[in-house]
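Listed below are the residues making up each chain.
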There are 2 protein chains.
Amino acid sequence: MTAISPLALPFPDLPPLAGVRLGVARAGYKAWDRADLTYAAFAPGTVVAGVTTQSLCPSPEVEWCRAALVLGHARALVVNAGNSNAFTGHRGRAAVEAIAARVAGATGCLPSDVFIASTGVIGVPLPIDRAEAGIDAVLAAPPASWQDAAATIMTTDTFPKAAVAHAVVDGRRVTLVGIVKGSGMIAPDMATMLGFIFTDCAIATPLLQAMLAEANAASFSCITVDGDTSTSDTVLAFATGHAGNAPLTAAADPGADAFRAALADVCRSLAQLVVRDGEGASKFVTISVTGAKSDASARRIGLSIANSPLVKTAIAGEDANWGRVVMAVGKAGEPAERDLLAIRFGATQVASAGLAVDGYDEAPVAAHLKGREVEIGVDLGLGEGAATIWTCDLTHGYIAINADYRS
Amino acid sequence: MTAISPLALPFPDLPPLAGVRLGVARAGYKAWDRADLTYAAFAPGTVVAGVTTQSLCPSPEVEWCRAALVLGHARALVVNAGNSNAFTGHRGRAAVEAIAARVAGATGCLPSDVFIASTGVIGVPLPIDRAEAGIDAVLAAPPASWQDAAATIMTTDTFPKAAVAHAVVDGRRVTLVGIVKGSGMIAPDMATMLGFIFTDCAIATPLLQAMLAEANAASFSCITVDGDTSTSDTVLAFATGHAGNAPLTAAADPGADAFRAALADVCRSLAQLVVRDGEGASKFVTISVTGAKSDASARRIGLSIANSPLVKTAIAGEDANWGRVVMAVGKAGEPAERDLLAIRFGATQVASAGLAVDGYDEAPVAAHLKGREVEIGVDLGLGEGAATIWTCDLTHGYIAINADYRS
């Protein structure tokens, strides 16, 4: 369970970001011999946008962030690893309020300027004394690196995950750095997805929120490991404004497109890293759906394929079992015409017009499936709707991680 | 892969049924050394009702049965095992038409009196020559037993499955016998669910159809092994009328309630047998959802729990991980209030009012989870909606069956 994913990528070189100071400490939420509390301090004037889980049973941290996002100002971020504090009733809410109060008291900001995320076991209230002591420790600690922060927010992750992008806005080079954790979508026990993006770009909160929502729809909302959704999933974007550009306020502003593209790039990279650390994953799978009635329909069909245990096990078995793809299209509940359906593995068309392609060359298909990166293309022949979904295979490793232990 | 499921039940004693004659033969659809074509001949006057897959990519057999069900008369049933004939375009349709023509020509019935179902690999047209030779052989073969028929329709199933029930209608004892195959819900490769129910009760087609739809909604539609849906799923009910009762024509007729209950009983037994043969299953799991806004909402929440890989692996691991149940409720997209939710394992309440029950006794929970039969109860505290879903756990065996081979 501690072996690094075969799909891991090396940690990138990341520059410091003006207006952001990082710290890590050991609060001791679990018996881990490592830091488990991550802190980020933001310069005055930092704005924040965010997206959170669609679960109807969210954690108190998620509820806290949703309320604070309405105000849109941030001075601090606290991330607890090892305990999600979800489904803990009034005790969980008290822990979140205590963390915000402790940070506000020590730094002179408002409690609503403090953003909080927690990840780990469900149903155990976060111990307030440990959280408070951890905050005191991290405020006194020396600055931490991006890699420290990316490693400290991990739970069952097997490697730290980060991405960087740049854009030119108003003649200034702005930087975006993101870190993420998660290795299921999402194992609530220990594998909530938390993502944090930091930029020195000056940008108004509503525009940042709109751009983050758009980027999320094509990145974090397009990945799946096991179809399960955490009670704590959270992605937050913090903008310090220290790059010195004239603030972006509207989508039509010069430079806004460049920033939007950079944000989309960081989100996509982070989302794909989560899939690369999928529990038990041995293959990184891209599912491209085209010809659907709409983009939303294409996305649902892509997720139906990506979440199918039979498709995922076929990929694990390096088996070009396109019948399982047909099945997953058929069960998606979206417009589909059997006799228009076309399917490819890699670059090889294996089925079209509702039946197998006569005598297609199996050699390149077999070679493609033996690789670490597998691509499945599905064309529905109905319209212009398209979506790309990223997932991983389903292996004995997933069962071993999730069944071969007791919580 | 050939070991019998640890959840298997013994084959029941089944009486002959007036108006039904069974046969089996070897068509040779695969390299199996056993019969793979099942035939049932029905007396004149036999009526039929049916329900079929909701897949939007159904097999030509499904389309054939849907058309024939409109007429509602049956003289023969042909079931092919080893090839589902799905996603085979015009060649698949030609095979179905050839089978119906062969039976009609040999027996003097109409092609529309011939019902056809096939199960097995997708994308390979059913070989017409083998099907025709198989039909010729089965028409010349000696009568077969219920157990022969139940075994011949099997694919990856590890044991033959059947159920029986009786009812008193119009002073006559009527009998219902059902057979079923399937060990996924449903692995399209080799594990489509096909169910066939035979009764000597005299009953009008529309009433039989209504009762079958109702029974299906509380049985076959409430099971899941892996959340995947076959392109060929079919349940047909044939009524010969040879019991001699005055035909049932309306739900209010005397005896109709007794017949309805018997039909529901057979369907539930058959559906549960499919779960007991779930690929890799080691536990039979009953999920009872109460307090939902509606029965339909309760069913969707139950299926969200039953299909969650994390819930299924927790059960495999005998882990009372109720946090994963909370997660699955939260992701179902149905009305739920976190702070009203209550969860039990077996008879032990482990969570209520949105948090863990303080100091609940873990011993009976652990003992319950070690058993072969696991029950999870979820109460939403919102209304009167209820549903019961049956599923199995997710084990290394499922991965072994579905990934550790090539098709």
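Because the structure is predicted, anything quoted here is derived from the model rather than measured.

### Considerations on the relation of the copies chain B and chain A
Overlaying chain B on chain A yields an RMSD of 0.0 Å, the required transformation being a rotation through 180° with an accompanying axial translation of 0.0 Å. Such a turn and shift between the copies fits a two-fold axis. Taking C-alpha positions as reference, the residue of chain B nearest the rotation axis is His396(B), located at 3.0 Å. Mapped onto chain A, 100% of the interface residues of chain B again fall at the interface, so both copies present the same surface.

### What to know about the domain arrangement of chain A
Residues and elements named next belong to chain A. Partitioning chain A into structural domains gives domain 1 (20-276) and domain 2 (284-403). In this structure, domain 1 and domain 2 have C-alpha centres spaced 33 Å apart. Counting residues at the interface gives eleven residues for domain 1, matched by 13 residues for domain 2. Counting residues per element, the ones that place at least two in the side of domain 1 that touches domain 2 are strand 9 (223-224) and helix 6 (256-276). Looking at the side of domain 1 that touches domain 2 element by element, the count peaks at four residues for helix 6.

### Observations regarding the sheet that holds strand 11 (residues 284-292) of chain A
Residues and elements named next belong to chain A. With mixed pairing, the seven strands of this open sheet are ordered in space as 9-16-11-15-12-13-14. Edge positions in the sheet fall to strand 9 and strand 14 (355-356), since each of these pairs with one other strand and no more. As paired strands, strand 12 (residues 342-345) and strand 15 (residues 373-379) are joined by four bridges and run antiparallel to one another. When the sheet's bridge partners are listed, Ile343 is paired in strand 15 with Val378. Helix 6 contacts strand 9, strand 11 and strand 16 (385-392) of the sheet and is inclined by roughly 40° relative to strand 16.

### Comments concerning the packing of helix 1 (residues 60-71) of chain B against helix 2 (residues 89-107) of chain B
Residues and elements named next belong to chain B. Two elements in contact, helix 1 and helix 2, have axes separated by 9 Å at closest approach and are oriented at 50°. With respect to their mutual orientation, helix 1 and helix 2 come out oblique. The interaxial crossing formed by helix 1 with helix 2 has right-handed handedness. Within the contact between the two elements, helix 1 uses Pro60, Glu61 and Trp64 and helix 2 uses Gly92, Arg93 and Val96. A per-class count over the contact of helix 1 with helix 2 returns three nonpolar, one polar and two charged.

### Comments concerning the sheet that holds strand 6 (residues 161-169) of chain A
Residue and element names in this part refer to chain A. The five strands lie next to each other as 3-10-8-7-6, forming an open sheet whose pairing is mixed. Taken across any chain shown, the strands that pair with only one partner, and hence form the sheet edges, are strand 3 (47-52) and strand 6. On average, each strand axis in the sheet is inclined to that of its neighbour by 15°, with strand direction left out of account. Docked against the sheet, helix 5 (residues 205-217) engages strand 3 and strand 10 (234-239), running at close to 30° with respect to strand 3. Contacts between helix 6 and the sheet are confined to strand 6, strand 7 (172-181) and strand 8 (194-199), with strand 6 contributing the most and set at about 170° to the helix.

### Some remarks on the nonpolar core
For soluble globular proteins, the rule of thumb is that nonpolar side chains tend to be buried together. Among the nonpolar cores identified, the biggest contains 286 residues, and Val78(A), Val329(A), Val78(B) and Val329(B) are the most heavily contacted of them. With residues up to four places along the chain from it excluded, the contact list for Val329(A) reads Ile301(A), Ser304(A), Ile305(A), Ala336(A), Leu341(A), Val378(A) and Cys57(B).

### Concerning helix 5 of chain A
Residues and elements named next belong to chain A. If you check helix 5, its first and last C-alpha atoms are 18 Å apart, about what 13 residues at 1.5 Å a residue would give, namely 18 Å. By the burial criterion, the buried members of helix 5 are Leu207, Leu208, Met211, Leu212, Ala215 and Asn216. Along helix 5, the residues classed as buried sweep out an arc of 160° about the axis, all on the same side. Packed against the buried residues of helix 5 are strand 3, strand 10 and helix 6.

Reading the values: the criteria
- Within each chain, residues carry numbers counting from 1 in the order of the written sequence.
- Chain A is the first chain written and ligand 1 is the first ligand written, with later ones labelled in order.
- Per-residue local features are limited, in this predicted model, to residues with pLDDT of at least 70; the limit for side-chain atom pairs, both in listing and counting, is 80 or more; totals at the level of whole chains, interfaces and linings are taken over all residues.
- Copies are brought into register by a least-squares superposition over C-alpha atoms of residues with pLDDT of at least 70 in both.
- Residues are treated as contacting if the C-beta atoms built from their backbones sit within 7 Å of each other.
- Domain boundaries shown here were taken from an automatic or database domain assignment.
- The helix and strand labels rest on DSSP assignments: H or I over at least four residues marks a helix, E over at least two residues marks a strand, and numbering proceeds from the N terminus.
- Paired strands, in this sense, are two strands between which DSSP finds at least two bridges.
- Interaxial angles span 0 to 180 degrees and are taken between N-to-C directions of axes, which are lines fitted to C-alpha atoms, for helices over the stretch in contact.
- Put simply, angles under 35 degrees are roughly parallel, angles over 145 are roughly antiparallel, angles from 65 to 115 are roughly perpendicular, and the rest are oblique.
- Crossing chirality is assigned from the near helix's rotation relative to the far helix, an anticlockwise turn below a right angle marking it left-handed and a clockwise turn marking it right-handed.
- Residue polarity is assigned by list, with Asp, Glu, Lys and Arg as charged and Ala, Val, Leu, Ile, Met, Phe, Trp, Tyr, Cys and Pro as nonpolar; anything else, Gly included, falls into the polar class.
- Only buried residues count toward a nonpolar core: Ala, Val, Leu, Ile, Met, Phe, Trp, Tyr and Cys, linked into one set through C-beta atoms within 7 Å.
- Around each residue's C-beta, the other C-beta atoms within 10 Å are counted; 20 or more make the residue buried, 12 or fewer make it exposed, and counts in between make it partly exposed. All C-beta atoms are placed from the backbone.
- Under the convention used throughout, the expected extent of a helix is 1.5 Å for every residue step, that is, one less than its residue count.
- The reported arc concerns the directions from the helix axis to the C-beta atoms and nothing else.

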